[in-house]
Amino acid sequence: MAIKKTSEIGSKVIRSRSKEVEKITSLRVKKIIVDLVDTMRHVNLVGMAAPQIGIGSRIFVTEIRKTITRKNISKPDPLKVFINPEITKTSKKLVDGYEGCGSVASGGLFGIVRRPETVSVRAFDETGEEFELETSGLLARIIQHEIDHLDGICFIDKVTDTKKLLGRQEYIKMGRKK
Ligand SMILES: [Zn+2]
């Protein structure tokens, strides 16, 4: 168990394409997963990709915890591990939603990103089992955000309108108004 330092934009690992995992059930991969989960929970994020803890491997985790779920946005979703993920299908319908990122201003900057509403993703879990998941809403957004990380892409590259960027306090205020 270890809480790792979060890599920030500007670092090479955040801007590089991560490598496919070859030995999915290896001890090395198990350790990366534990560190990702510990760090994600510590910094209170809903998803975290290996490059964000300095490791260029195609692994990410997601967890929508009850305490950070805002009303009417999404229901909680248990911890999920994605190794060598691939998006196999996306909806034509696109939706706008605010995103932030632990690697951008310590999660203190939020901007609108337009993404497919529904995605299907195929990946391996921590036991080496392959699975396919179709999802929409917040989890679909998180999955796309994290896969972008594995390709060296950051949400700020995709922000639709920089004039609508929000700092943390303004983002929280906006949430209250809803
Ligand atoms: Zn991010």
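Structure's up top.
Computed from a predicted model, the values in this text were never measured in an experiment.

Here we take up the nonpolar core. Within the largest apolar cluster, 27 residues are counted, with the highest numbers of intra-cluster contacts made by Leu36, Ile59 and Phe60. Listed by contribution, the elements that provide at least two residues to this core are α1 (27-42), β1 (47-49), β2 (59-64), β3 (77-90), β6 (118-124) and α2 (138-150). Of the residues forming this core, the biggest block, 6 residues, is contributed by α2. Those residues in contact with isoleucine 59, other than ones at most four positions away along the chain, are Val21, Val29, Ile32, Ile33, Leu36, Ala50, Phe82 and Ile83.

Moving on: the environment of serine 120. By secondary structure assignment, the location of serine 120 is in strand β6. Through-space distance from the C-alpha of serine 120 to that of leucine 109 is 28 Å; in sequence the pair is 11 residues apart. Discounting chain neighbours no more than four positions away, the residues touching serine 120 are Ile87, Thr88, Lys89, Glu132, Leu133 and Glu134.

Read from one edge of the open sheet, 3 strands run β4-β5-β8, paired in antiparallel fashion. Only two strands of the sheet have a single partner each, and these edge strands are β4 (94-99) and β8 (166-167). Strand direction decides the pairing type here: strand β5 (residues 109-116) and β8, joined by 2 bridges, are antiparallel. From the neighbouring strand, phenylalanine 110 faces β8, where its bridge partner is leucine 166.

Take α2 next. What sets the pattern is the α-helix's 3.6 residues per turn: residues three or four places apart point alike. Under the 1.5 Å per step criterion, the end-to-end length of α2 is 19 Å for 13 residues, consistent within 8% with the ideal 18 Å. Summarising burial for α2: 11 of the 13 residues are buried, a large majority. Considered for burial, the residues of α2 that qualify are Leu139, Ala140, Arg141, Ile142, Ile143, Gln144, His145, Glu146, Ile147, His149 and Leu150. Taken from the residues just after α2, glycine 152 is the one with a positive phi, measuring 75 degrees.

It is worth spelling out the sheet that holds β1 at this point. Taking strand neighbours across the sheet as the criterion, the 5 strands line up as β1-β2-β3-β6-β7 in an open arrangement whose pairing is antiparallel. Each end of this open sheet is capped by a strand with a single partner; those strands are β1 and β7 (130-136). Strand-to-strand, the axes of this sheet are offset by a mean angle of 40 degrees, without reference to chain direction. Judged from the 7 bridges that link them, β6 and β7 form a sheet pairing that is antiparallel. The partner of phenylalanine 124 across the bridge, within β7, is glutamate 130. Lying over the sheet, α1 contacts β1, β2 and β3, oriented at roughly 35 degrees with respect to β2.

Further remarks concern α1. Compared with the 22 Å implied by 1.5 Å per residue over 16 residues, the 22 Å span of α1 between its first and last C-alpha is a close match. When we look at burial in α1, the residues that qualify are Val29, Ile32, Asp35, Leu36, Thr39 and Met40. One face of α1 carries all of its buried residues, which in axial projection span an arc of 130 degrees. Opposite its buried face, α1 presents the exposed residues Leu27 and Lys30, each directed more than 90 degrees away. Positioned one or two residues after α1, asparagine 44 has a phi angle of 60 degrees, which is positive.

About the cut-offs
- Residues numbered from 1 in each chain as written.
- Predicted model: local features only at pLDDT ≥ 70, side-chain atom pairs only at ≥ 80, totals over all residues.
- Core = buried A, V, L, I, M, F, W, Y, C linked by C-beta atoms within 7 Å.
- Buried ≥ 20, exposed ≤ 12 C-beta atoms within 10 Å, placed from the backbone.
- Helix = DSSP H or I, 4+ residues; strand = E, 2+ residues; numbered from the N terminus.
- Contact = placed C-beta atoms within 7 Å.
- Pairing = 2+ DSSP bridges.
- Expected span 1.5 Å × (residues − 1).
- Axes fitted to C-alpha atoms, helices over the stretch in contact; angles between N-to-C directions.
- Arc of directions from axis to C-beta.

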